[in-house]
Amino acid sequence: MSNLFFLCLWLTVAGQTPDVVRLEYTVVPENGFGIRTNRYRAVINVPFKLTENNYFITGFEYNRYEFEIDTELPFEYGTIERLHIVDMNLGYLFKLNSKWRGAGVITPRVASNFEQGIENNDFRLNGSVFFWTEKKDIERPYRLILGLSFNSATGLPYPLPLINYNRRFHPNWSYTLGVPRADLKYHIKDKHVFQTVLFLDGYFVNIQNDIILSDNTIGASVSLSALVAAIGYQFKFTKAISLYTLAGYTLAQEGLIRDGNRDRAFTLNDEGNFYLRTGFKISIF
């Protein structure tokens, strides 16, 4: 396997984003609560070959959320108009046997509004262990990934199952089943791909200088959970380099201010809305 292929398999599981480089912009237009969301995302990952079948991967991802709030909220919201999430991915990949390969990934994270530098509550630690197998030189090639993933932002004290299954069931059609993403793609020759996709999106960010809500509750963090259905188009300059765009709608959405116990303190948004994304990436899949 090439370095790039190992890297992309690792990324497919760790973030379901099999990219060496990604630059992306997402916008959720103003909703009924008077809030517009802009997200800027940058990803870079680099593999280092240790032996013939062992690799060390180091990667970096940055997400910046900017909110345009055109409404009156019952608290001072200036501290949450700009949020930041910084991830450092550290992974080790190895060959288990002739059919299976495995990997472990540790992801230190800093998620904050950075009002006063970096605080202890800004730090999170995520990780995953997974194994995969694939068959490429058959009529219907496939890839199966199985593992466990722990994400401190979920608030659950145990790892969650991780499953990703991809199959090319026709020369022009393929699908992926998994979490946080499932899709169905129609491939037109080598340069044009249309898709329908269902995926989860969201964040969990610490609030420095806690927010005092109208009932004197302390807002200590802000979070978003969203289920998005979309259609998209991808133009491939080469097999690895492409531009893409998605247009969809959030079928379910919950934006919250949370207290120190991560319980709901104030609802920022619980209505569906349009969702638009565009970007550039270098990726093997």
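Relevant structure appears above.
Notes on the structure follow. Note that this is a predicted model, so its numbers are computed, not measured.

Across the 12 residues of strand β5 (residues 101-112), 9 count as buried, placing the element largely inside the fold. Where strand β4 (residues 82-95) and β5 come together, 10 bridges link them in antiparallel fashion. Note that in β5 the partner of Phe 94 across the bridge is Gly 102. Connecting β4 to the next strand, β5, in antiparallel fashion are 5 residues. Pairing between β5 and strand β6 (residues 123-135): 10 bridges, direction antiparallel. If you follow Arg 109 over to β6, its bridge partner there is Arg 124.

For the rest of this paragraph, the subject is the pattern of salt bridges. Counted under the stated rule, the structure contains 14 salt bridges. Residues Arg 41 and Glu 24 are paired through a salt bridge, measuring 3.4 Å at the closest nitrogen-oxygen approach. In this pair, Arg 41 is assigned in strand β2 (residues 35-51) and Glu 24 in strand β1 (residues 19-28), connecting sequence segments 17 residues apart. Using a relative accessible area of 13% as the deciding quantity, one classes Arg 41 as buried. The class of Glu 24 is buried, set by a relative accessible area of 5%. Between Glu 52 and Lys 49 there is a salt bridge, with the nearest N and O atoms lying 3.3 Å from each other. Beyond isolated ion pairs, a larger network of salt bridges with shared partners links Arg 22, Glu 24, Arg 39, Arg 41, Glu 61, Asp 201 and Arg 277.

Reading the values: rules and limits
Residues numbered from 1 in each chain as written. Predicted model: local features only at pLDDT ≥ 70, side-chain atom pairs only at ≥ 80, totals over all residues. Heavy atoms only, no water. Buried < 20%, exposed > 50% of the residue type's maximum accessible area, 1.4 Å probe, protein only. Helix = DSSP H or I, 4+ residues; strand = E, 2+ residues; numbered from the N terminus. Pairing = 2+ DSSP bridges. Salt bridge = Lys/Arg side-chain N within 4 Å of Asp/Glu carboxyl O.

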